[in-house]
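Now for the letters of each chain:
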Amino acid sequence: MVSYIETKDLVKVYRIGKVEIQALRGLSMSIEQGEMIAIVGPSGSGKTTLLNIIGGLTSATAGQVWVAGREITAATPAQLGYLRQRIVGHIFQTLNLIPTLTAFENVELPMLAVNAPQSERRKRAEILLETVGLQDRMNHKPDELSGGEKQRVAIAAALANDPPILICDEPTGDLDTETGARVVEFLHRVNKEMGKTVIIVTHDPAIARQTDRIYRILDGRIVSVQRPTDTEEKTAALMAQMLRDRITETDLELQELELKYRRQEIEPEKFAARWNELVTTREFLRRELHRMGF
Ligand SMILES: Nc1ncnc2c1ncn2[C@@H]1O[C@H](COP(=O)(O)OP(=O)(O)OP(=O)(O)O)[C@@H](O)[C@H]1O
Ligand SMILES: [Mg+2]
């Protein structure tokens, strides 16, 4: 039995001329219907690539992907079009609102693409914009809206065709904490009240903590999956602090060692041996910190 959304040994290689970039290196994950999931990880670890594959925008180089019970790596262009229009609502890292259209028209656009009747389009665009609290901003163009308002229009547009899945790439990236919190609150309602499966890519631990599960991704692979509890988060933060302290200590010891060597208080062989030892330790500590996603 595969899960509602599942990836198995997913590999994505981008090719630019002769250069190959391995964005995903055998990534496996599974998400149940109705879950709200956070994906966290450093810049360049493959988060957007993963969402673009699940959303039917990018094809995988190898591996398999099931979305709403269908395997999509072998899907035809028409099937992928259906997936993008009806199954997965996508909020992009760089917002994809059309600048010349009003908020209302931006929300109406995905419905035009599936030939929904005009009366239905209008009613639904109004309801959606009301739901995200923008009933008095319907005729504003993106440039005439604040960052948080634009983000809410993007959410309304992603929900236009009532997709069962919503994927959000850094939905609060450019927003201040308070505005971000409102957007996240709305995504929780989309999950709980509308029953949609929601995936959020975020750099914000506080947002990740509010979801059902956190997938941590590093160098194109999943390195951990956890159910957020305060204790786990605190333990991770404590561990990270310990590692940082050790790195600082090692840095100081390296500085002292160099001084001693300059003052000829230590023999060259002993200096070299200890120096290498400390540098190796520091590398290990840094890797460990990076592996934890910090
Ligand atoms: N279209 C592309 N062509 C070539 N390389 C790409 C392309 N898109 C992404 N990459 C590379 O693939 C890797 C993963 O990129 P991706 O955008 O998935 O990372 P990310 O985790 O979303 O990062 P961020 O947190 O900065 O958004 C990076 O090394 C990136 O440079
Ligand atoms: Mg990204």
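Each chain carries its own residue numbering, running from 1 in the direction its sequence is written. To read the labels, note that chains go from A and ligands from 1, taken in the order they are written. Local features in a predicted model are, by the rule used here, given only for residues with pLDDT of at least 70; side-chain atom pairs are given and counted only at 80 or more, and totals for whole chains, interfaces and linings are based on all residues.

Colleague: I'd love a proper account of the overall build of the protein chain, names of residues and values included.
Modeller: In DSSP terms, a helix is any run of H or I states spanning at least four residues, a strand is any run of E spanning at least two, and both are numbered starting from the N terminus. A count of helical and extended segments in the protein chain gives nine helices and 10 strands. When its C-alpha atoms are laid out on the principal axes, the protein chain stretches across 85 × 40 × 40 Å. Sorting the 294 residues of the protein chain into buried and exposed places 32% on the buried side. Contacts here follow a simple rule: the backbone-placed C-beta atoms of the two residues must lie within 7 Å. Taking as baseline every contact in the protein chain between residues at least 6 positions apart, the subset at least 24 positions apart corresponds to 69%. Labels follow a simple rule on C-beta atoms placed from the backbone: if 20 or more others lie within 10 Å of a residue's own, it is buried; if 12 or fewer, it is exposed; otherwise it is partly exposed.

Colleague: Could you give me a rundown of the site of ligand 1, with the residues and numbers involved?
Modeller: Nearness rests on one distance test: the residue's C-beta atom, set from the backbone, must lie within 6 Å of the molecule or strand. Within the structure, ligand 1 sits among 13 residues, and Tyr14, Ala23, Ser43, Thr48 and Thr49 are positioned closest to it. Those elements that provide at least two residues to the shell around ligand 1 are strand S1 (5-16), strand S2 (19-31) and helix H1 (47-54). Take the shell around ligand 1: its biggest share by element is three residues, from H1.

Colleague: An account of helix H5 (residues 147-158) is requested, with residue identities and associated values reported.
Modeller: With 12 residues, H5 ought to run about 16 Å at 1.5 Å a step, and its terminal C-alpha atoms sit 17 Å apart, in line with that. Among the 12 residues in H5, nine count as buried, and that is most of the element. Those residues of H5 lying buried are Lys150, Gln151, Arg152, Val153, Ala154, Ile155, Ala156, Ala157 and Ala158. Buried positions along H5 lie against strand S6 (88-91), helix H3 (103-113), helix H4 (118-131), strand S7 (165-169) and helix H6 (177-192). Expected helix span is given by 1.5 Å per residue-to-residue step, counting one fewer step than there are residues.

Colleague: I'd like to hear about the sheet that holds strand S4 (residues 62-67), residue by residue, with values.
Modeller: Across a sheet, paired strands are connected by hydrogen bonds in the backbone, their directions being either parallel or antiparallel. Ordered in space as S2-S1-S4-S5, the four strands form an open sheet in which the pairing is antiparallel. Bordering the open sheet on either side are S2 and strand S5 (70-71), each of which pairs with just one other strand. When DSSP finds at least two bridges between two strands, those strands are taken to pair. Taken together, the five bridges between S1 and S4 define a ladder with antiparallel strand orientation. Opposite Val11, over in S4, you have Ala62 as the bridge partner.

Colleague: Can you lay out the environment of Thr7 for me, pointing to particular residues and giving the numbers?
Modeller: Topologically, Thr7 is positioned in strand S1. Separated by 149 residues in the primary sequence, Thr7 and Ala156 place their C-alpha atoms 27 Å from one another. Aside from chain neighbours lying at most four places away, what touches Thr7 is Leu27, Ser28, Met29, Gly63 and Val65.

Colleague: How would you explain unusual backbone geometry if you had to name every residue and give the values?
Modeller: The phi dihedral of Ala68 falls on the positive side, at around 50 degrees, and the residue is not glycine. Tracing the chain through its elements places Ala68 in the loop between S4 and S5. Unusually for a residue other than glycine, Gln264 sits at a positive phi of about 55 degrees. Following the sequence through the fold, Gln264 ends up in the loop between helix H8 (230-262) and helix H9 (268-291). The exposed category is assigned to Gln264, around which 9 C-beta atoms lie within 10 Å.

Colleague: Please give an account of the domain arrangement of the protein chain that cites residues and values.
Modeller: As used throughout, domain bounds are those supplied by an automatic or database domain assignment. Taken domain by domain, the protein chain consists of domain 1 (31-60 + 70-228) and domain 2 (233-291). For domain 1 versus domain 2, the distance between C-alpha centres works out to 43 Å.

Colleague: Quick rundown of the pairing of S2? Include the residues and the values.
Modeller: Walk down a regular strand and you will see the side chains alternate between the two sheet faces. Summarising the sheet, S1 and S2 pair through 10 bridges and their orientation is antiparallel. From the neighbouring strand, Glu6 faces S2, where its bridge partner is Ser30. Linking two consecutive strands that pair antiparallel, namely S1 and S2, is a turn of two residues; a positive phi of about 60 degrees is found at Gly17 within it.

Colleague: Explain the sheet that holds S6 residue by residue, including any values.
Modeller: Spatial ordering of the open sheet is given by S6-S7-S8-S3-S9-S10, a layout of six strands whose pairing is mixed. The sheet is open, and its two edges are formed by S6 and strand S10 (221-226), each paired on a single side. If you compare each strand with its neighbour and ignore which way they point, the axes differ by 20 degrees on average. Alignment of S7 against strand S8 (residues 197-201), held across five bridges, turns out to be parallel. Residue pairing in the sheet places Ile165 in a bridge with Thr197 of S8. Here H1 sits on the sheet in contact with strand S3 (36-40), S6, S7, S8 and strand S9 (213-218), set at roughly 155 degrees to S7. Axes here mean lines fitted to C-alpha atoms, for a helix over just the part in contact, with angles spanning 0 to 180 degrees between N-to-C directions. Its contacts with the sheet place H6 against S3, S7 and S8, and it is angled at close to 150 degrees to S8.

Colleague: Give me the lowdown on the packing of H3 against H5, citing residues and values where you can.
Modeller: The N-to-C vectors of H3 and H5 enclose an angle of 25 degrees; their axes lie 8 Å apart at closest approach. Judged on the interaxial angle alone, H5 and H3 are roughly parallel. Of the two possible hands of crossing, H3 and H5 adopt the one that is right-handed. Here Ala103, Asn106, Val107, Leu109 and Pro110 of H3 lie close against H5, whose contacting residues are Val153, Ala156 and Ala157. In the scheme used here, Gly and all other residues not listed as nonpolar or charged are polar, with Ala, Val, Leu, Ile, Met, Phe, Trp, Tyr, Cys and Pro taken as nonpolar and Asp, Glu, Lys and Arg as charged. Taken together, the residues of the contact of H3 with H5 break down into seven nonpolar, one polar and no charged. Should an angle lie under 35 degrees it is considered roughly parallel, over 145 roughly antiparallel, and from 65 to 115 roughly perpendicular; all remaining angles are considered oblique. By convention, the crossing between two helices is left-handed when the near helix turns anticlockwise from the far helix through less than a right angle, and right-handed when the turn is clockwise.

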